[in-house]
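Okay, here's what each chain looks like letter by letter:
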Amino acid sequence: MIKKVVTLLCMQLALCCTSFAANYLTFTAEEDSSAFSIEDHDIKSNIFYSLDNGKTWNKLTDQPVKLAKGDRALLKGTGPNQKPSWRNYSTFKMEGSIAASGSVMSLVDRNGEGETIPYAYCFYKLFENCTRLTQAPELPATTLATACYGRMFSGCTSLKKAPELPATTLTKRCYTEMFKECSNLTKAPELPAKTLAGSCYYGMFDGCTSLTQAPELPATTLAESCYNAMFSRCYSLRQAPELPATTLARKCYWLIFNECTSLTQAPELPAKTLADGCYSFMFYKCSNLTKAPQLPATTLADDCYSDMFSGCRKLTKAPKLPATTLADYCYYGMFYACTSLTQAPELPATTLADYCYTYMFSGCTKLSRIKVAFTDWGTDTDSWVKDVAKNGTFICPKNLPTKYGEDFIPEGWKIENEDFDK
């Protein structure tokens, strides 16, 4: 008899410990008439919910589960019946106001104890457009998968704080547009990763219009498109993070600060070896940027600085451009519509590359001084001085053919012949 009692107690204790160990994804209603459901897109989600603290479980479908204020729903699952993709995924639908807690991993491992995301696109678009989600669940995974969190909270306009993201090694597109247009997000999570992957942070905070401070970005070796549009349209961002990377990759900073209209100062850019398109559109339409970073690189790459400061209307001084060997499209539109710029940086290159200066100073209405070292116009200066100041000084070698117009020397400017090294 005593043995049976001891056995029963041990079984109950084990059950209690198992229940206690589980860290289920949990939805808590913050107001009456709240509800949630799941919408499957060519996939079966296999998610179950409990309204009685785990005693009974029911299959979650597209029929809303109604909650009164204070009600809690636990959720668990075994993962979908097939591997998800950008076409095949499941999305929560919510009504009322709901706070999430617990681990999202319980949707794939039943108890929320795992730290390894099992397959690509695992949580893709899971909470997309849940506009009344007020709190994000825990995302404890340290081993990620391709696009695993892609667009996960995109359009969650009531979300004010992001969950912690502890992974230090990233995968392709893992955080792509994760918080896109979370317009009330005021604080970004720490991003400790130093090993990046292609497009890993692409558009991560795009349209987070209330974000005032960016997280640190400690990686020194970048991956292709890794920071593309990361803080695009973050209109309240006042300070850019330090960018210590010295090994760049193709289009690594493309549009990273696009339309960050509160940004006044750019971070230092220490890299001396560039990559194709690495800084293209980096500060596009940063209309209050007044100070540009130094650009020490002397070896350029195709498209490397194209449109870098385009639309920076308050930029009064351009950085030095010391490179004497150019690359195709390297300065294309670099200072387009910089309407406060009065003096161009000196251009020491004697031989041009395809479209290297095209649109470079177009729309710089106050620009009145340019000094160049090249001796042949070619076809690489299309519209490069369109709509600059009506009067100015153009300094060039004696053997540069005298031609006027928006593709050559601005109409009305005086010409001074001077060797570049003087």
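Keep in mind that what you see is a predicted model, and the values were worked out from it rather than measured.

Confidence along the protein averages 94 in pLDDT terms, with 94% of residues attaining 70 or more. Predicted confidence is poor over residues 3-20, with pLDDT under 50, and the contacts of this stretch with residues over four places away or in other chains come to zero contacts.

In this structure the tally under the stated criterion is 40 aromatic pairs. Ring geometry for phenylalanine 335 and phenylalanine 361: centres 5.8 Å apart, planes at 5 degrees, overall stacked. With phenylalanine 335 in the loop between β9 (133-135) and β10 (369-371) and phenylalanine 361 in the loop between β9 and β10, this residue pair connects regions lying 26 residues apart in the sequence. What makes phenylalanine 335 buried here is its relative accessible area of 0%. For phenylalanine 361, a relative accessible area of 0% puts it in the buried group. Above the face of the tryptophan 57 ring, lysine 76 is positioned so that its terminal group lies 4.3 Å from the ring centre. A cation over a ring is seen here: lysine 251 above tryptophan 254, with NZ or CZ 5.5 Å from the ring centre.

This brings us to the nonpolar core. Ranked by size, the top nonpolar core spans 138 residues in total, and within it Phe92, Phe153, Phe205, Phe231, Phe257, Phe309 and Phe335 carry the most contacts. In terms of residue count, the dominant contributor to this core is strand β1 (residues 25-29) (three residues). Ignoring sequence-local partners within four residues, the contact set of phenylalanine 92 consists of Leu25, Phe27, Ser37, Ile38, Ile47, Leu60, Leu75, Leu107, Leu126, Phe127, Glu128 and Cys130.

So, on to the pattern of salt bridges. Going through the model one piece at a time under the given rule, you end up with 11 salt bridges. Between lysine 180 and glutamate 177 there is a salt bridge whose closest N-O contact spans 3.5 Å. Looking at lysine 180, the relative accessible area reads 17%, which means it is buried. Glutamate 177 sits in the buried class, given a relative accessible area of 14%. Arginine 233 is the partner of glutamate 181 in a salt bridge, and the nearest nitrogen-oxygen pair spans 3.2 Å. Remark: arginine 233 occurs in the loop between β9 and β10 and glutamate 181 occurs in the loop between β9 and β10; sequence separation between them is 52 residues. Overall, the relative accessible area of 37% leaves glutamate 181 in the partly exposed class.

This brings us to the environment of glycine 412. As for its placement among the helices and strands, glycine 412 is situated in the loop between β11 (393-396) and β12 (414-417). On the accessibility criterion, glycine 412 (55% relative accessible area) is exposed. Separated by 23 residues in the primary sequence, glycine 412 and alanine 389 have C-alpha atoms spaced 9.1 Å apart. Not counting residues up to four positions away in its chain, the partners in contact with glycine 412 are Lys390 and Asn391.

Take glycine 203: it is sitting in the loop between β9 and β10. Separated by 105 residues in the primary sequence, glycine 203 and isoleucine 98 place their C-alpha atoms 26 Å from one another.

Spatial ordering of the open sheet is given by β4-β3-β6-β1-β8-β9, a layout of six strands whose pairing is mixed. Strands at the two margins of the open sheet, each flanked by one partner only, are β4 (58-59) and β9. As defined by bridge partners, β1 adjoins strand β6 (residues 72-77) across four bridges and the pair is classed as antiparallel. Along β6, the bridge assignment pairs threonine 26 with leucine 74.

Moving on to the side chain of asparagine 228. Relative to the elements of secondary structure, asparagine 228 occurs in the loop between β9 and β10. Beyond its immediate stretch of four places on either side in the chain, asparagine 228 contacts Tyr201, Tyr202, Gly203, Lys251, Cys252 and Trp254.

As a further point, take the sheet that holds β11. One open sheet holds the three strands; their spatial order is β10-β11-β12, and the pairing between them is parallel. What marks the edges here is a single partner per strand, and that holds for β10 and β12. Neighbour-to-neighbour, the strand axes of the sheet open up by a mean angle of 15 degrees, direction not taken into account. The pairing of β11 with β12 spans four bridges and is parallel. Note on β12: the bridge partner recorded for isoleucine 395 is glutamate 416.

Rules used throughout
Residues numbered from 1 in each chain as written. Predicted model: local features only at pLDDT ≥ 70, side-chain atom pairs only at ≥ 80, totals over all residues. Heavy atoms only, no water. pLDDT = per-residue confidence, 0-100. Contact = heavy atoms within 4.5 Å. Phe/Tyr/Trp six-rings, centres within 6.5 Å; stacked < 30°, edge-to-face > 60°. Helix = DSSP H or I, 4+ residues; strand = E, 2+ residues; numbered from the N terminus. Buried < 20%, exposed > 50% of the residue type's maximum accessible area, 1.4 Å probe, protein only. Lys NZ or Arg CZ within 6 Å of the ring centre and 35° of its normal. Core = buried A, V, L, I, M, F, W, Y, C linked by side-chain atoms within 4.5 Å. Salt bridge = Lys/Arg side-chain N within 4 Å of Asp/Glu carboxyl O. Pairing = 2+ DSSP bridges. Axes fitted to C-alpha atoms, helices over the stretch in contact; angles between N-to-C directions.

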